[in-house]
Amino acid sequence: MASRRVFHLHLVSDATGETLNAVARAACAQYEDAHPIEHVYALVRGPKQLERVLGEIEGAPGIVMFTMVNDELRQRLEARCAELQTPCISVLDPVMGALGTYLGRESSHKPGSQHTMNAEYFGRIEALNYTMAHDDGQSAGDLDLADIILVGVSRTSKTPTCIYLANRGIKAANVPVVPNVALPPDLETATHPLIVGLTTSPDRLIQIRKNRLLSLHEDTDTSYVNHDAVGEEVAFARRLCARNGWPVIDVTRRSIEETAAAVLNLYNERQKEVG
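Conventions we followed
- Residues numbered from 1 in each chain as written.
- Predicted model: local features only at pLDDT ≥ 70, side-chain atom pairs only at ≥ 80, totals over all residues.
- Heavy atoms only, no water.
- Salt bridge = Lys/Arg side-chain N within 4 Å of Asp/Glu carboxyl O.
- Helix = DSSP H or I, 4+ residues; strand = E, 2+ residues; numbered from the N terminus.
- Buried < 20%, exposed > 50% of the residue type's maximum accessible area, 1.4 Å probe, protein only.
- Phe/Tyr/Trp six-rings, centres within 6.5 Å; stacked < 30°, edge-to-face > 60°.
- Lys NZ or Arg CZ within 6 Å of the ring centre and 35° of its normal.
- 1 Å grid on protein atoms, 1.4 Å probe; cavity = no way out; pocket = protein on both sides within 12 Å on 5 of 7 lines; lining within 4 Å.
- Points joined across faces, edges and corners; volume = space filled by probe spheres on them.
- Pairing = 2+ DSSP bridges.
- Right-handed = clockwise from strand over helix to strand, strands pointing away.

Draft legend 1. Just the pattern of salt bridges, in detail. Scanning the entire structure with this criterion turns up nine salt bridges. A salt bridge links E233 to R209; its shortest N-O distance comes to 2.9 Å. Taken as a pair, E233 in helix α9 (residues 227-244) and R209 in helix α8 (residues 202-215) lie far apart in primary sequence, 24 residues in all. Taken as a pair, E233 and R209 share a single burial class, namely buried. Linked by salt bridges that have partners in common, E58, R80 and E83 make up one network.

Here it is, written out as structure tokens:
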């Protein structure tokens, strides 16, 4: 097996850098034998800030990826990288070029335009507040105000999936399913939200729960990780979803992003049906 290649990856952005980081990590994930040492520079909007960045790049040469709309700054960055013989990639240029050609107009050249505090931004904040207030079965009798409700046994990634959805502007609540414990009354009467069950294999669930208990320095010899008990718990949750006609997503081999994407697909299909 070939040894992993370690390299420096400089990510330069005139905004928060979220877009750039996501693109860089998605690309690097395709090279399993490579390990990037990330150098992240956010809100680079002036010459002094850029000079500091250039000094860092010179001290640890590698690949430079950037999102900058100021022509003077980006030209300075590209010129210095050329002198250092360091690859310098503008990750948004192909997309913006194609979009501009299609629309027949120039871009606004505003750094961080995607983070403008408009109605969509405040909608995401409202969704996040709702989601945090309705985590793990918390309910004030207003579950019908949710867009999506996730149900499932403990440790099926309900909370992180809800937070991911909230960052997309979706009001997401989650409710734990525990045998012999009543569900919130307003869950059964809710008609507005899409209710989705999350499940996983008992073996995978036991592994996750044992790791959780170990991290808390708690005893792992409990029904919480007993194979028969966990198997019945998972089966009970599946029967509950089947009885109510709630779709179920198996998260055994899914990342949080993949689970959220599957939930959003169901949500969008439902919106088309009711809209």
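Now that the structure is up, let's keep going.
Draft legend 2. Geometry of the packing of aromatic side chains. Scanning the model with the defined rule gives zero aromatic pairs in all. The positively charged end of K171 is found above the aromatic ring belonging to Y130, 5.9 Å away from the centroid. Above the plane of the ring of Y224 lies R209, whose end atom (NZ or CZ) is 4.3 Å from the centre.

Draft legend 3. View of empty space enclosed by the protein. Within the structure shown, the criterion is met by one cavity of 30 Å³ or more. Approximately 50 Å³ is the volume attributed to the largest cavity. Taken together, V151, G152, V153, G197, L198, T199, V234, A237, R238, C241 and V248 form the lining of the largest cavity. Put simply, the parts of the chain that give the lining of the largest cavity at least two residues each are β5 (148-152), β7 (194-199) and α9. Counting residues per element, the lining of the largest cavity draws most heavily on α9, at four residues.

Draft legend 4. Structural view of the pairing of strand β2 (residues 34-41). Here strand β1 (residues 5-13) pairs with β2 via eight bridges, running parallel. Looking at β2, one finds that V6 is bridged to H35. A crossover links β1 with its parallel partner β2, the connecting element being helix α1 (residues 18-28), and its sense is right-handed.

Draft legend 5. Broad picture of the environment of S139. Along the chain, the position of S139 falls in the loop between α5 (119-133) and β5. The exposure class of S139 is partly exposed, given its relative accessible area of 34%. Each C-alpha atom, one on S139 and one on I249, is 23 Å from the other, the two residues being 110 residues apart in sequence.

Draft legend 6. Spatial organisation of the pairing of strand β6 (residues 172-176). Counting buried residues along β6, four of its five residues qualify, which places the element largely inside the surrounding structure. Sheet analysis places β5 next to β6, joined by five bridges and oriented parallel. Across the sheet, residue I149 finds its bridge partner in β6, namely A173. Where the polypeptide runs from β5 across helix α6 (residues 158-166) and back to β6, its parallel neighbour, the crossover connection is right-handed.

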